[in-house]
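Descriptive structure summary
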Amino acid sequence: MVPAAITTWREHLMGIVATTALLATLTSAQTRAEPGPRFFEQQVQPVLQQHCLKCHGNDPERIRAGLRLNSRLGLTRGGDRGSVIDFDRPEHSLLLEMISYRDEHHQMPPTGRLSDAEIDMLTRWVKMGIPWAAETPEPEPVKQGAEPTHPDGSDYWAYQPVEEPTIPVVESEAWVRNPIDAFILARLENAELQPAEPAEKTALLRRATYDLTGLPPSPEEVDAFVTDTRPDAYERRIDTLLASPHYGEKWGRHWLDLVRYGETNGYERDSDKPYMWRYRDYVIDAFNQDKPYDRFIVEQLAGDELDKVTPETLTATGFYRLGLWDDEVPDRLQSRYDMLDDIVSTTSQVFLGVSLGCARCHDHKKDPFLQKDYYSILAFFDNISDMSKRGILRPVMSGEELRVYEEKRRAKEASEQKLEERLREIETRFREKLAQEDDAFARRSASSSGTGKKPKDLRDLLESRGPDVLSKTELKEYRDLKKGLKLSRQDFVPGTFAPAIAERGSKAPQAHVLIRGNAHVKGEAVQPAFPAVLDERAPALPQADPSAKTTGRRRVLAEWIASKENKSTARVMANRLWQYHFGRGIVRSSNDFGRLGTKPTHPELLDWLATEFIRQGWRMKAMHKLMMMSSTYRMSSQAQPQALAVDPQNDLFWRFNMRRLGAEEIRDSILAVNGRLNLKIGGPSVFPPMPAEVLATASRPDAVWGKSTPEEAARRSVYIKVKRSLIMPMLSNFDLADTDASCPVRFATTQPSQALGMLNSAFINEEAAHFVDRLHRDAGSDTSAQLERALRLALAREARPEELSKCASFVSSLQREQGQTAAAALTNFCLLVYNLNEFIFLD
């Protein structure tokens, strides 16, 4: 028996269903009876199909001017020139202007003018508000062979929550030192492959030392490690390297690649970004301190909006000032949005591993990012102040230094105010006297008196007419005041400054979708929001505080990115750590985890590393040690015929990937081996000698590059000035990171300029001569001892007898056959050592 209450609810629900059905029927009948849709179907649609849809329909290969006329949404969205319908002034709609044939620029369709009746009909339709037939979602064009996609991203691995996977069970358990090995070995066993043999101790030490510091191990360090028989000898060495201040220099340089670090603005002038080196030092210090990665993110994106703002957190926001900036733009508004695009693209790629920048002008072609998503992220940054030559600088001081600076700054402002007031007094007196003598000026002056503005050219006029109106004393005082005010404003109050973020007050501007990315064509208004595929929750934006200097929105975004619940952040950074240790990422396209990138070769391992990263408190040094202690990292790079046949790309990590040293590592190693490397940490950038041929490419060769002392010029390469238009050939030849955009993976090319530079450049020949000086200091005048010491320093191992024999024969032949002196022959031998593959490659 059914309870009465349930029966009552059934009857109630049935009543709702019946009522809803009746309303739907009545609404449908009313829609069919509407004159607008019927007018569209009977009169408008045939004209559009006959004359317009060939070029403005749904075929992506034929779309012209980005405009589709096959849906009402297409008309309102518009194309390259924005919406073609003006609902406020229908008669001025671009659609009607284009079919008017009033001149050569307004002729649509191009096949010939429509009839007057057709134009009148379309005009009527536009004034009706472009009624349409029953709306259906606009179909997206699908190219033949394209992978089917789901707009919500539900089918794609990168948009799934990170879940810790089960560690696989393997047969060869003895090889497994930690869970990394289990994930790697499980795949190898499944492919019936064996991991490579362990690397020889010297090769392993050299690999680890370069990976963590970017420098070669000294002969003494090699001897100590090779002779240390303790079971934890390798672990002890890893701990020592992680504690080295040179760790931050090496790993900070990786980060600088990602954030497009440059110390100049690029473009034709390529003017300086003053004190940008402070951001570089902040990054190096952050790595050396083992700053948690989540904190590292928040400081860079919102270091000025934290509860406690310090010089360090303010310097971190130099992240926003690293990009290109053109100081001679014809369109300042468009240039501003280019700057914001650089920030949106860099932030989304570096922290989230997504190509959100692809949605600036249209919805993303492959990933579930709408154009609205792009501008919703941009809305977090929309209040940022513009770039400028000196306006990007902010004081980064505390304590007594800050107090003294503020006192001097206030005094300077007060002095400038007095100068300005006295200038205005003289200008007012000049205006009054001139008005008495010049009727035309008097009329202009009267017409502007109600606005509170003086004539635009008053000061120029004062220079030309001043001698006729003012006394010599007044005119001299005026000119002195103007000069003094100009000099004062150009001068900085002494203090510590850094490029940092600033906003235009606490009230955020209204952000809009920009049609086709055009800053002058606003579309739908948007609010700050996260991409729905990553997080559907609305951000909790702070209320505007009139006393605040910023909106507080960037902190909301930063904390969302740095949250352990974020689907992307830990994955992306764990992948980067793996990439820099193993030669390539588990996802090779480490800035793009989307469908335009590559899929992970070991997705379960990546998720395990991401969860472990968070569990370790976002500490990168713990992850370094975890990876480097694994058997996977300790494998040799030796090839196996069977593995090469099955997996030539080493996708399964059956051996360690051999790699060439990076540009900075090669230069630093050259200096380290000859004993000239200056290991000073931090400070202003240095200017090693630049070849005259390179300087000649600048408009002002004598002023484009600084000059450092020989000691400063021999500092590590991370401290060399990064001038976008002028890169040292030694570094550019060996694939220094591009500074125009985020560089997730450097090229590793092999090309002639590398060999030519390593044999013929002034730099390499000078350093070879310094290498000879060291050999004389270390090994005296004994040629055999000199050759042995050279190989020991450069290759981090003892030379074999047959190698020493060949080297001695080479030096002897240079003296005997080429007539070289002993010193010249030894210099050329050092040049040869610098060019050995074993010197610039890691096994």
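Residues numbered from 1 in each chain as written. Predicted model: local features only at pLDDT ≥ 70, side-chain atom pairs only at ≥ 80, totals over all residues. Heavy atoms only, no water.

With that settled, consider the packing of aromatic side chains. If you walk through the whole model with that rule in mind, you get 38 aromatic pairs. For the ring pair Trp251 and Tyr580, a centre distance of 5.6 Å and an interplane angle of 85 degrees mean the geometry is edge-to-face. Of the two residues, Trp251 is situated in helix α11 (residues 245-258) and Tyr580 in helix α22 (residues 569-582); the sequence distance between them amounts to 329 residues. Like Tyr580, Trp251 is buried. With a centroid separation of 6.0 Å and 20 degrees between ring planes, the pair formed by Tyr282 and Phe296 is classed as stacked. Separated by 14 residues along the polypeptide, Tyr282 in helix α12 (residues 277-288) and Phe296 in helix α13 (residues 293-302) bring together distant segments of the chain. Comparing Tyr282 with Phe296 shows no difference in burial state: the two are buried. (Phe/Tyr/Trp six-rings, centres within 6.5 Å; stacked < 30°, edge-to-face > 60°. Helix = DSSP H or I, 4+ residues; strand = E, 2+ residues; numbered from the N terminus. Buried < 20%, exposed > 50% of the residue type's maximum accessible area, 1.4 Å probe, protein only.)

Further remarks concern the packing of helix α32 (residues 783-795) against helix α34 (residues 822-834). At a minimum axis distance of 11 Å, the contact between α32 and α34 shows a crossing angle of 25 degrees. The angle between the axes of α32 and α34 places the two elements in the roughly parallel class. As for how α32 packs across α34, the hand of that crossing is right-handed. Packed against α32, whose contacting residues are Gln786, Leu787, Ala790, Leu791 and Ala794, the element α34 presents Leu826, Phe829 and Val833 at the interface. Tallied by class, residues from the contact of α32 with α34 come to 7 nonpolar, 1 polar and no charged. (Axes fitted to C-alpha atoms, helices over the stretch in contact; angles between N-to-C directions. Parallel < 35°, antiparallel > 145°, perpendicular 65-115°, else oblique. Left-handed = near helix turned anticlockwise from the far one by under 90°. Contact = heavy atoms within 4.5 Å. Nonpolar A, V, L, I, M, F, W, Y, C, P; charged D, E, K, R; others polar.)

Right, let's get into unusual backbone geometry. With an omega of -5 degrees, the peptide bond running from Met108 to Pro109 counts as cis. By the secondary structure assignment, Pro109 is in the loop between α5 (94-98) and α6 (116-127). Even without a glycine there, the phi angle at Glu192 is positive, about 60 degrees. By secondary structure assignment, the location of Glu192 is in the loop between α7 (179-190) and α8 (201-213).

For Tyr375, the position within the fold is in helix α16 (residues 371-381). Tyr375 sits 320 residues away from Leu695 along the chain, and the two C-alpha atoms are 42 Å apart. Those residues within four positions of Tyr375 in sequence are excluded, and the remaining contacts are Arg360, His512, Val513, Leu514, Gly517 and Val526.

So, on to helix α17 (residues 399-437). Given a rise of 1.5 Å per residue, 39 residues ought to cover 57 Å, and the 58 Å separating the end C-alpha atoms of α17 matches this to within 8%. Among all positions of α17, only Tyr405, Glu416, Glu420, Leu423, Ile426, Glu427, Phe430 and Leu434 are buried. (Expected span 1.5 Å × (residues − 1).)

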